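Here is how the chains run, residue by residue.
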Amino acid sequence: MMKSVAIRSVRVIDGTGRTIERATVVVRGATITAVGSDRDLSIPRGATKIDGRGLTLLPGLIDCHVHLCLGAEPDVVDAIAKETSSLTLLKAGQAAQRTLDAGFTTVRDAGSRDHAIFTLQRAIDTGLVPGPRIIGAGLAICMIGGHARFIGQEVEGAEQVRSAVREQIAAGAAVIKVIASGGVLTPGTSPDQAQMTVEELQAAVDEAQRAGRKVAAHAHGSSGMKNAIRAGVHSIEHATLMDEEAASMMKQQGVFMVPTLSALATTAACRLGCGIPESALDKAKSMTKRHQVSFKNALRDGIQIAMGTDAGTPFNFHGENAQELERMVAFGMSPMQAILASTSAAARLIGIQDQVGTIEKGKLADLLLFEGNPLRRIDLLRDRSRIIGVMQAGKFVAGPLSRT
Ligand SMILES: [Zn+2]
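Conventions used here
- Residues numbered from 1 in each chain as written.
- Predicted model: local features only at pLDDT ≥ 70, side-chain atom pairs only at ≥ 80, totals over all residues.
- Heavy atoms only, no water.
- Helix = DSSP H or I, 4+ residues; strand = E, 2+ residues; numbered from the N terminus.
- Polar contact = N/O pair within 3.5 Å; in protein donor to acceptor, adjacent residues only side chain to side chain.
- Contact = heavy atoms within 4.5 Å.
- Buried < 20%, exposed > 50% of the residue type's maximum accessible area, 1.4 Å probe, protein only.
- Donors = N, O, S within 2.8 Å, 3.2 Å for Na, K, Ca; no water.
- Expected span 1.5 Å × (residues − 1).
- Bend = angle between axes of the 7 residues up to and from the residue.

A. Focus on the side chain of T266. Of note, T266 is situated in helix α8 (residues 261-268). Among the polar contacts listed, one links the side chain of T266 to the backbone oxygen of S262, at a separation of 2.7 Å. Ignoring anything within four residues of it in the chain, the contact list for T266 reads P314, F315, N316, Q323 and R327.

B. Geometry of the environment of E244. Relative to the helices and strands, E244 is located in helix α7 (residues 244-253). Given the relative accessible area of 64%, E244 is considered exposed. A C-alpha to C-alpha distance of 38 Å links E244 and I20, two positions 224 residues apart in sequence.

C. Structural context of the coordination of the zinc ion. Taken together, H65 (NE2), H67 (NE2) and D310 (OD) make up the full set of protein donors to the zinc ion, lying 2.1 to 2.2 Å away. Counting along the primary sequence, the residues that act as donors to the zinc ion give the motif H-x1-H-x242-D. Here H67 is found in the loop between β6 (61-66) and α1 (76-82), whereas its partner D310 is found in the loop between α9 (278-301) and α10 (323-330), with 243 residues between them in sequence. Of the two residues, H67 and D310, both sit in the buried class.

D. Quick peek at unusual backbone geometry. Positioned with a positive phi, A72 is a non-glycine residue whose angle comes to about 65°. Of note in the backbone geometry, A393 takes a positive phi value of approximately 45° without being a glycine. Relative to the assigned elements, A393 resides in the loop between β16 (387-392) and β17 (395-398).

E. Local environment of the environment of M333. Among the structural elements, M333 can be located in the loop between α10 and α11 (335-341). As for M333 and A216, which are separated by 117 residues in sequence, their C-alpha atoms are 23 Å apart. Residues within four places of M333 in sequence aside, it is in contact with F295, L299, I305, M328, A338 and A341.

F. How the structure looks around α9. Taking 1.5 Å per residue, 24 residues should reach 34 Å; α9 reaches 35 Å between its end C-alpha atoms and fits that length. The largest bend in α9 amounts to roughly 45° and is located at T288. Within the sequence span of α9, burial applies to A280, L281, K283, A284, M287, T288, H291, Q292, S294, F295 and A298. The secondary structure elements touched by the buried residues of α9 are β12 (214-221), β13 (235-241), β14 (256-258), α8 and α10.

Shown next, in the form of structure tokens:
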């Protein structure tokens, strides 16, 4: 017989925008089988009961932009160049565990040094090591000499783009990452300059869609953003220097913004001498204000926003992913909006909204049980001592409840 768990008298923030006080949620096997108020729901016989008074139950959080292969070192380009790929894989395993411990049950890995990310994904899926569900891109696809080539495959021309996309998919990619502008961390590339041609970006989208995969485009500057939107990508990562035209194109075409406010903010908070290369510091510092403005404009214009941290970049630590919700609230989102961006909206962007992202009957039981009310204080989500249990597909996998 399948085991049942009933969480009783808990505040449920269900990921659809609804909050239910004094609710009961029943999980049977891997699936949520009932959600309702204590009054309306009885506990199935034999179910393990959990007293949820004072606690909040959220859908397991989803981070749409991490790099598990990067260890948040001050100079990640140098770090990864000096370590073996097997060491990188071990580090990624530790990053995965930390991410899960922080209540994140799913991540989209937006580029890794090699295909070992899919080995980690399989190890997690088969229960060998703990970690979030991974929707991985494999290598980011970039132009020759382009940004992110330290975790990328350099290509030139539409034909090479198509083969690179096919290679990622053959290795296990569930999403394709393309680089449409220069970046902060890659020396000699400028964030406001476009990279890859529209034709190359179109080839990536076309080839990805043929295999049913979505495309995420890295773009800071508006010209790169527009190239990517014209090519039909599903999300713009960073969207740092978004102008009016790029904003209206995103809005019209339903392209998601994945702001990754934490990426620039954690770098820009550092001083010369912290180990971050001077070029990266300068670029981050010069763009943070405009990044905040772009985020506020996106929010005002009703552009779809999905949460992503870019965890793994300098001082942007795995396991601190919830810092992004604090930043989104600081720049104008309500706590509920920040939670939606980190649950149902994130699931929609990734394309897994039928399985996870909300607490509803029939969904997989990916849940975060947590002490306190994040609608009053979003920063509580970052406090790991408040996590009572992290459930993945009906099993407590982190937090005190996983040890009972
Ligand atoms: Zn990134």
